[in-house]
Amino acid sequence: MSAQEQMRAMLDQLMGTTRDGDPGRSKVRFTDDNVCKSFLLECCPHDMLASTRMDLGECPKVHDLALRADYKIASERKDYYYEIDAMEHLQTFIADCDRRTELAKKRLAETQEELSAEIQAKADKVHDLAEEIGKKLAEAEQLGEEGNVDESMKVMSEVEDTRKKKAEAEEEYRNSMPASSFQQQKLRVCEVCSAYLGLHDNDRRLADHFGGKLHIGFIKIREKLKDLKNLVAEKREKREVERAKRREDREKEKEKDSRPSSQSRSPKRRSHSKSQERRESKPRSERRKSRSRSRERRRGDSRNRDRRRSRSRSRERRRSRSRSRERRRSRSRGHDRRRPSRSRSRDRKRRRRSRDRSRSSDRRRRRSRSRDRRRRTRSRDRGDSRRHSRSRSKGRSARSESRSKERSRQSSHEREEDKTKEDGEQSPKEESANGEKARSSKSRSRTPESE
């Protein structure tokens, strides 16, 4: 990294993304999901364990010093509760590390020889003293680098005392163990960083381990996790206290609202009893007048209450309307400033919807027109079929009438012919009968004349 890039990073870390006076310079903001919240709180394991034996590589999320500066400035005005996200991230990482230490302990228990309880206690004592020496040496070196010479000298004197104690513990351990087994290297797993430590390691190696970047990084991570847990617990307690206060305030308001009604009832009862006594003492005419006056007063009071209520309701409506207008204006402004692309996409979607609606309406109109045409054609076909059926029925009726007439004519003609035939057969018989009659009449007329 060049000097110019270092200066640029320092300015970003101090002043944030708006150091050049251009708020739209960086498209990424610290509130985005792709920004590492642990990095904003300076506790990301990817940075704290970089270039160590357990290097995790680059973080998949965004790390930017300018975003950290922006978060620090904004967190003074508003609480974003990013401590919860960072706490969950560190909890998962530490849980994975603890699981690895347990697996390493199981492997050592399987590979190394089992010791008795007394010998194991002596070995643990030697390990504890060695760790204490290494930690104090690392602390003394750090104090010397910072310039605290007196304190570092005090720590070194403590180191000498612990070394004497360690030598005595090693002597006890050596006397309790056989020579063959004592020469074997006894390993132990570090509870902080899950690294292997030997029982016979010298002070310099232990100091390098306890003052190394890996061990110190795990210590910082564990301490940061502890601080975050305490901070989150405090915030939760504060929130619960605030909620309890709000509930108490609401209950108090409800009690205040309910008290005047209960208090107003008791004096009403008293006044009612007193008014009854007065009414009994007064004559009827005065009672009637007082009743009418009290009714008018009640009506006036009810009218005044209704007016007040209507005024308060109108005021509340006006306030709610003004608030809704302000919210709409602020939302429209925020949308116009922050999300112009979304507004364009919404306009496009609205246009598409309107086009689809117009197309669907056109389709519906066409379908309705086609249905009307089909209905008209069906009605026409039905009318034509009815007309044809009527004409056919008329023709059939005419034909039947003409046939019946012809039949009646034929029958009448046949009757006439039958009559004529009968008349023709009867005429000679009648003539003969008439002649016989005439003859008989002539003979009768002749007989008296002769006589």
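Residues numbered from 1 in each chain as written. Predicted model: local features only at pLDDT ≥ 70, side-chain atom pairs only at ≥ 80, totals over all residues. Heavy atoms only, no water.

Examining the overall build of the protein
Scanning the protein for helices and strands turns up twelve helices and two strands. Counted from the first residue to the last, the protein has its helices and strands arranged as α-α-α-α-α-α-α-α-β-β-α-α-α-α. Total accessible area on the protein stands at roughly 37,000 Å², and carbon and sulfur atoms take up 42% of it. (Helix = DSSP H or I, 4+ residues; strand = E, 2+ residues; numbered from the N terminus. Areas by Shrake-Rupley, 256 points an atom, 1.4 Å probe, with all protein chains shown as cover.)

A few points about the pattern of salt bridges
By the definition in use, this model includes 14 salt bridges. Here Arg 365 makes a salt bridge to Asp 362, at a shortest N to O gap of 3.8 Å. Remark: Asp 362 and Arg 365 occur in helix α12 (residues 340-450); sequence separation between them is three residues, near one turn of the helix. Residue classification places Asp 362 among the partly exposed positions, given a relative accessible area of 33%. Taken together, the shared-partner salt bridges in this structure form one network comprising Glu 42, Arg 68 and Lys 72. (Salt bridge = Lys/Arg side-chain N within 4 Å of Asp/Glu carboxyl O. Buried < 20%, exposed > 50% of the residue type's maximum accessible area, 1.4 Å probe, protein only.)

A closer look at the side chain of Ser 194
Of note, Ser 194 is situated in the loop between β1 (187-189) and β2 (196-198). Take Ser 194: its relative accessible area is 13%, and that puts it in the buried class. Excluding residues that lie within four positions of it along the chain, Ser 194 makes contacts with Arg 53, Met 54, Cys 97, Thr 101 and Val 189. (Contact = heavy atoms within 4.5 Å.)

What about the state of the cysteines?
Tallying each qualifying case throughout the model produces zero disulfides. No disulfide involves Cys 44; its sulfur sits 3.9 Å from the nearest other cysteine sulfur, which is in Cys 36. Using a relative accessible area of 2% as the deciding quantity, one classes Cys 44 as buried. Unpaired in this structure, Cys 193 has its nearest cysteine sulfur neighbour in Cys 190, at a distance of 3.7 Å. You can call Cys 193 buried: its relative accessible area is 0%. (Disulfide = S-S within 2.5 Å.)

Some words on the packing of aromatic side chains
Counting across every chain of the model gives six aromatic pairs. Ring centres of Tyr 71 and Tyr 80 lie 6.4 Å apart, and the angle between their planes is 55 degrees; this geometry places the pair in the tilted category. Owing to a relative accessible area of 24%, Tyr 80 belongs among the partly exposed residues under this scheme. Within the aromatic cluster, the residues linked to one another by ring pairs are Phe 30, Tyr 71, Tyr 80 and Tyr 82. Here the guanidinium or amino end of Arg 68 rests over the ring plane of Phe 39, the centre of that ring lying 4.0 Å away. The residue whose ring lies beneath Arg 239 is Tyr 81, and the NZ or CZ to ring-centre distance is 4.9 Å. (Phe/Tyr/Trp six-rings, centres within 6.5 Å; stacked < 30°, edge-to-face > 60°. Lys NZ or Arg CZ within 6 Å of the ring centre and 35° of its normal.)

Some thoughts on the side chain of His 209
Tracing the sequence through the fold places His 209 in helix α9 (residues 203-210). What His 209 contacts, discounting residues up to four positions off in sequence, is Cys 190, Cys 193, Ala 195, Leu 197 and His 215.

Description of the confidence of the model for the protein
Reading fine detail from the predicted coordinates is not recommended where pLDDT is low. When pLDDT is averaged along the protein, the result is 76; 73% of the residues meet or exceed 70. Every residue in residues 447-451 is under pLDDT 50, and counting partners more than four places away or in other chains gives zero contacts. (pLDDT = per-residue confidence, 0-100.)

A look at the nonpolar core
In terms of nonpolar packing, the biggest core is built from 31 residues, with Phe 30, Leu 40, Phe 218, Ile 221 and Leu 228 touching the most fellow members. Residue contributions to this core peak at seven residues, all from helix α5 (residues 82-111). Every residue in contact with Phe 218, bar those within four places of it in the chain, is listed here: Leu 49, Met 54, Phe 93, Cys 97, Val 192 and Cys 193. (Core = buried A, V, L, I, M, F, W, Y, C linked by side-chain atoms within 4.5 Å.)

Brief notes about unusual backbone geometry
Of note, the phi angle at Glu 42 is positive, near 60 degrees, even though the residue is not glycine. Within the element layout of this structure, Glu 42 appears in the loop between α2 (37-40) and α3 (45-48). Relative accessible area serves as the criterion here: at 44%, Glu 42 is assigned to the partly exposed category. Even without being a glycine, Tyr 81 presents a positive backbone phi close to 55 degrees. Tracing the chain through its elements places Tyr 81 in the loop between α4 (65-75) and α5. On the accessibility criterion, Tyr 81 (31% relative accessible area) is partly exposed.

So, α4
The set of residues buried in α4 consists of Ala 66, Leu 67, Arg 68, Ala 69, Asp 70, Tyr 71 and Ala 74. One side-chain oxygen at the N-terminal end of α4 lies 3.3 Å from the backbone nitrogen of Ala 66; it belongs to Asp 64. (Polar contact = N/O pair within 3.5 Å; in protein donor to acceptor, adjacent residues only side chain to side chain.)

Notes on a negative patch on the surface
On the surface, a cluster of negative charge is contributed by Glu 139, Glu 145, Glu 146, Asp 150 and Glu 151. Those elements that provide at least two residues to the negative patch are α6 (117-146) and α7 (149-176). Broken down by element, the residue count for the negative patch peaks at three residues, all from α6. Tracing the sequence through the fold places Asp 150 in helix α7. We classify Asp 150 as exposed; its relative accessible area is 62%. (Patch = residues over 30% accessible without salt bridge, like charges linked within 9 Å, V, L, I, M, F, W, Y side chains within 5 Å. Lys, Arg positive; Asp, Glu negative; His and termini not counted. Charge placed at Lys NZ, Arg CZ, Asp CG, Glu CD.)

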